Amino acid sequence: MAASASFGQVLRLHRHTARLTLEQLAEASGVSARTLSDMERGRSKGPRHRTVTALADALGLAEADREQLVELAREGRLRDHWTRPTGLCELPKAVDDFTGRAAELAWTRELVHAGDASGVALITGSAGLGKTTLAVRAAHTLRPDFPDGVFFLDLFGMSARPLPVEEALGPLLRALGSADQQIPGDAASLYRSLLRDKRVLVVLDNAASEEQVRPLLPGSGASKALVTSRRLLAGLEGVRRLGLGPLPLLEATELLTGILKDRDTSDEGSALWQLAQLCGGLPLALRIAGNRLVSRPGWDAADLAARLTNEERRLDQLSAGDLKVATAFGLSYEQLADSTRRVFRRLALVPGRDFDAALAAAAGGIPLEEAWDALDELVDLGLLQDTASGRHRFHDLVRLFARDRLQQEETPDERDALTATTTSWLLHMATTAGWRFEPAHAGLSSLDEDQADSWLRVNVDNWLAALRHAASSGRHSAVLDCAEAMDWFSDRWMHAPHWQEVFTLGAEAAAALGDPARQAGQVNLLAWVQLIPRDDPEAALRYTAQALDLATPVGDTAQIASSHHAAGGALRKLGRLKEATAAETQAADLFRAVGDIDSYGQCLGALGSCLRDAGRYSEALEQYLDLLALVDDDQSGMTPSIAAFTRPIALARIGECLGSLGHRTEAIIKLTEAIDLMEQAQLLAPQARSLDTLAALLAEEGRAVESGHAYARAAEVYAAIGDAESSTRCHDLAGNFTP
């Protein structure tokens, strides 16, 4: 069937397919044969909904064909409304319950007072965001500034047959006072000349393309144009642009309340708030939800919210009469090339909130260059949101629509294969990125440290979900490889909330593979989690005991040493410094015996901390100086990346000891150097502590302003790692030292 077929053409095709004469269809449907003839010949382009339903029933149409016939009739009614001789280009009535968009309305008012010559404002955004509603509201507000008229024309940009320029110019010229016989061949020139001498606002709604819009824009003069489109229309030059987004949650709730103004909503506040969240701030979805409640007085907002909570049914529930969120998205989907449709629906398999072109290419099974093209097309139609960082995300309801298209258009086997491919790609990328920080594997990663660090952080939702899926699918080797690759990287992101889960999945995978040595490694990492992010030393000791039980029978010296090292940290936190020193000494000896200088250096630092906590600052200082010498010795055998990681921590500890010994000037120098290095390496937890210490030393030196700045920065970093108590304390102290 031709993409640009009219209602009458489609009706005739279905009648012939059913092998019915006009008289037979008239008898079956209750619609007169003459009316049917007018429809098929295009004289009646948009019959009423109940007439179309009767015809669809008589023809026995399948659901998809029925929906197409209904939509073509609706489009025909709209097209007839905006192009009929009377009431030409009349501005629609503004909705009474319009809510929010104050900044956007202010932006449209600037159009009137703009000093530039373009006089064209373009509002773009995805389906359902209320572009037309906003444009109509703005036009009504601006009407007093345009005494020669405010005209509205629907350009049917999402239709199978957008309004041709010549058909658009006809009603606009007649609205401007030109009779049909006065319209020359070059109607666009006449249109611009008429606008030049008038003060007119033209609202061009639902534009399809730059080619369609350009001839309809005012030239020089006082007339202005307000254009809406789902597409970005990037080829239009010299226009003011506004990208419309979802309503903020508060305004979304206010819109629902306005729609429900005739019923008491005083006891439904929390339910309306939840509804607004489930609708994602999308005005179309909010209006549908509100209309459903208005039309069903027996329902309350909590009932509808409960229905919408089920993601599998949410789009089905967001329909009221001929208003359907899925239909609005479907119009945009139908505009896409087949290859882009495939990428769009397969992106629903991406588990995280956002993604880049590389992940889109992996999910779509296409080269990177084609992925960029597909993403550009999806952004252009408002089906994806993009950011300055090059990442993309779905609106929540668009993601559900993409998932529905995937289920409808791809077989279960295809979906399973796509999920497996996406999961494998994510695990491979996460493992490769993690290896970049592993001394034994750093050379196997194609990423540099900054790239690896950034990828792991921004894609954490994606690779963590892939890890879960692989674990539930029994892909134990891949899960364990990925978890092991996170060992050294986890030190750079100490307070991330997911390490307990990552290393638990790793330990379970090692157990399933029957590998006690690797299981001990994951259990030792779980002990670290209890020490740093969770601050639960008793739990850490339980994990270290379990790791020793696993590693000792198989003689894994490295994991035995790691167990003693983690136990030393736990014992130190518990104040059992003698036991902690013994454990760290034993760990240091074992690491040195097996040639693991990286871990040996960590033990030296831990021994220094035991001495510092015991108040033996001079001995602790010597220990930290030994560690710094090891780090700075190119021949020590320490991996350069580990040395770079350890150096700022050693400097900070030296600064702390110097400060405790009363050498404040030297301490400030060391801490300042350490903090600069930590900032570069994004070592937030030690950076916060060092800033805290530096601020106190600066205060003792009488350098109040510098102390205030250091406390303020410490408050920011503590907040970034989730330590609200320390953040508040430093913020209050910063206020004491700020002039």
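Residues numbered from 1 in each chain as written. Predicted model: local features only at pLDDT ≥ 70, side-chain atom pairs only at ≥ 80, totals over all residues. Heavy atoms only, no water.

Draft legend 1. Geometry of helix 20 (residues 396–409). Between its terminal C-alpha atoms helix 20 stretches 20 Å, which fits the 20 Å expected from 14 residues at 1.5 Å a residue. Among the residues of helix 20, those classed as buried are Leu397, Val398, Arg399, Leu400, Phe401, Ala402 and Leu406. (Helix = DSSP H or I, 4+ residues; strand = E, 2+ residues; numbered from the N terminus. Expected span 1.5 Å × (residues − 1). Buried < 20%, exposed > 50% of the residue type's maximum accessible area, 1.4 Å probe, protein only.)

Draft legend 2. Structural detail: the packing of helix 21 (residues 412–435) against helix 23 (residues 460–472). The contact between helix 21 and helix 23 brings their axes to 9 Å, and the two run at 120°. Classified by the angle their axes make, helix 21 and helix 23 are oblique. Considering how the two elements wind past one another, helix 21 and helix 23 form a crossing that is left-handed. On the side of helix 21, the interface is formed by Thr419, Thr423, Leu426, Leu427 and Ala430, while helix 23 contributes Asn462, Trp463, Ala466, Leu467, His469 and Ala470. In the contact of helix 21 with helix 23, the residues fall into seven nonpolar, four polar and no charged. (Axes fitted to C-alpha atoms, helices over the stretch in contact; angles between N-to-C directions. Parallel < 35°, antiparallel > 145°, perpendicular 65-115°, else oblique. Left-handed = near helix turned anticlockwise from the far one by under 90°. Contact = heavy atoms within 4.5 Å. Nonpolar A, V, L, I, M, F, W, Y, C, P; charged D, E, K, R; others polar.)

Draft legend 3. Main features of the environment of Thr585. With respect to the secondary-structure elements, Thr585 resides in helix 30 (residues 577–593). Sequence spacing of Thr585 and Leu607 is 22 residues, and the spatial spacing of their C-alpha atoms is 7.3 Å.

Draft legend 4. How the structure looks around the sheet that holds strand 9 (residues 385–386). Reading across the sheet, the three strands line up as 8-10-9 and stay open at both edges, with antiparallel pairing between neighbours. Pairing within the sheet leaves two strands with one partner each, and these edge strands are strand 8 (354–355) and strand 9. (Pairing = 2+ DSSP bridges.)

Draft legend 5. The nonpolar core, seen in detail. Core analysis: the biggest nonpolar cluster contains 177 residues, and Val325, Phe344, Leu347, Trp463, Met486 and Trp499 have the highest contact counts within it. A per-element tally of this core places helix 33 (residues 640–660) first, with ten residues. Excluding residues within four positions of it along the chain, Met486 makes contact with Ala430, Gly434, Glu438, Leu456, Trp463, Trp499, Val502 and Phe503. Formed by 30 residues, the second largest nonpolar core is a distinct cluster that contains Cys89, Leu169, Leu172 and Val200. (Core = buried A, V, L, I, M, F, W, Y, C linked by side-chain atoms within 4.5 Å.)

Draft legend 6. Examining the pairing of strand 4 (residues 224–229) more closely. Across the six residues of strand 4, six count as buried, placing the element largely inside the fold. By the bridge criterion, five bridges tie strand 1 (residues 120–124) to strand 4 in an arrangement that is parallel. Paired with Val120 across the strands is Ala225, a residue of strand 4. Sheet topology places strand 3 (residues 201–205) next to strand 4; four bridges connect them, and they run parallel. Looking at strand 4, one finds that Leu201 is bridged to Lys224.

Draft legend 7. Highlighting helix 33. The end-to-end C-alpha distance of helix 33 is 30 Å, a good match for the 30 Å that 21 residues give at a rise of 1.5 Å each. Its axis deflected by about 30° at Thr646, helix 33 carries its strongest bend there, up to four residues before the proline Pro648. The buried count for helix 33 comes to 17 of 21 residues, which makes it a mostly enclosed element. Just past helix 33, the residue Gly662 takes up positive phi, approximately 90°. (Bend = angle between axes of the 7 residues up to and from the residue.)

Draft legend 8. Local environment of the pairing of strand 2 (residues 150–154). The buried fraction of strand 2 amounts to five of the five residues, a majority that puts the element mostly inside the structure. Neither face of strand 2 is exposed, since Val150, Phe152 and Asp154 on one face and Phe151 and Leu153 on the opposite face are all buried. Sheet topology places strand 2 next to strand 3; five bridges connect them, and they run parallel. Looking across to strand 3, one finds that Phe152 is bridged to Val203.

Draft legend 9. Representation of the side chain of Asn462 within the structure. Its place among the elements puts Asn462 in helix 23. Relative accessible area serves as the criterion here: at 1%, Asn462 is assigned to the buried category. Within polar-contact distance, the side chain of Asn462 engages the backbone nitrogen of Gly352 at 2.6 Å. Here Asn462 is in contact with Val350, Pro351, Gly352, Asp354, Leu359, Arg391 and Leu426, once residues within four sequence places are set aside. (Polar contact = N/O pair within 3.5 Å; in protein donor to acceptor, adjacent residues only side chain to side chain.)

Draft legend 10. Region of the structure containing the packing of aromatic side chains. In the structure shown here, the tally under the stated rule is twelve aromatic pairs. Arranged with centres 5.7 Å apart and planes meeting at 15°, the rings of Trp499 and Phe503 form a pair that is stacked. Here Phe503 and Trp499 lie together in helix 26 (residues 499–513), a separation of four residues that amounts to about one turn. Here Trp499 and Phe503 have matching classes, each one buried. Ring pairs connect the aromatic residues Phe329, Tyr333, Phe344, Phe355, Phe394 and Phe401, which therefore count as one cluster. If you follow Arg199 out to its NZ or CZ, it ends over the ring of Phe146, 5.4 Å from the centre. Here the basic side chain of Arg341 rests over the ring of Tyr333, its NZ or CZ set 5.6 Å away from the ring centre. (Phe/Tyr/Trp six-rings, centres within 6.5 Å; stacked < 30°, edge-to-face > 60°. Lys NZ or Arg CZ within 6 Å of the ring centre and 35° of its normal.)

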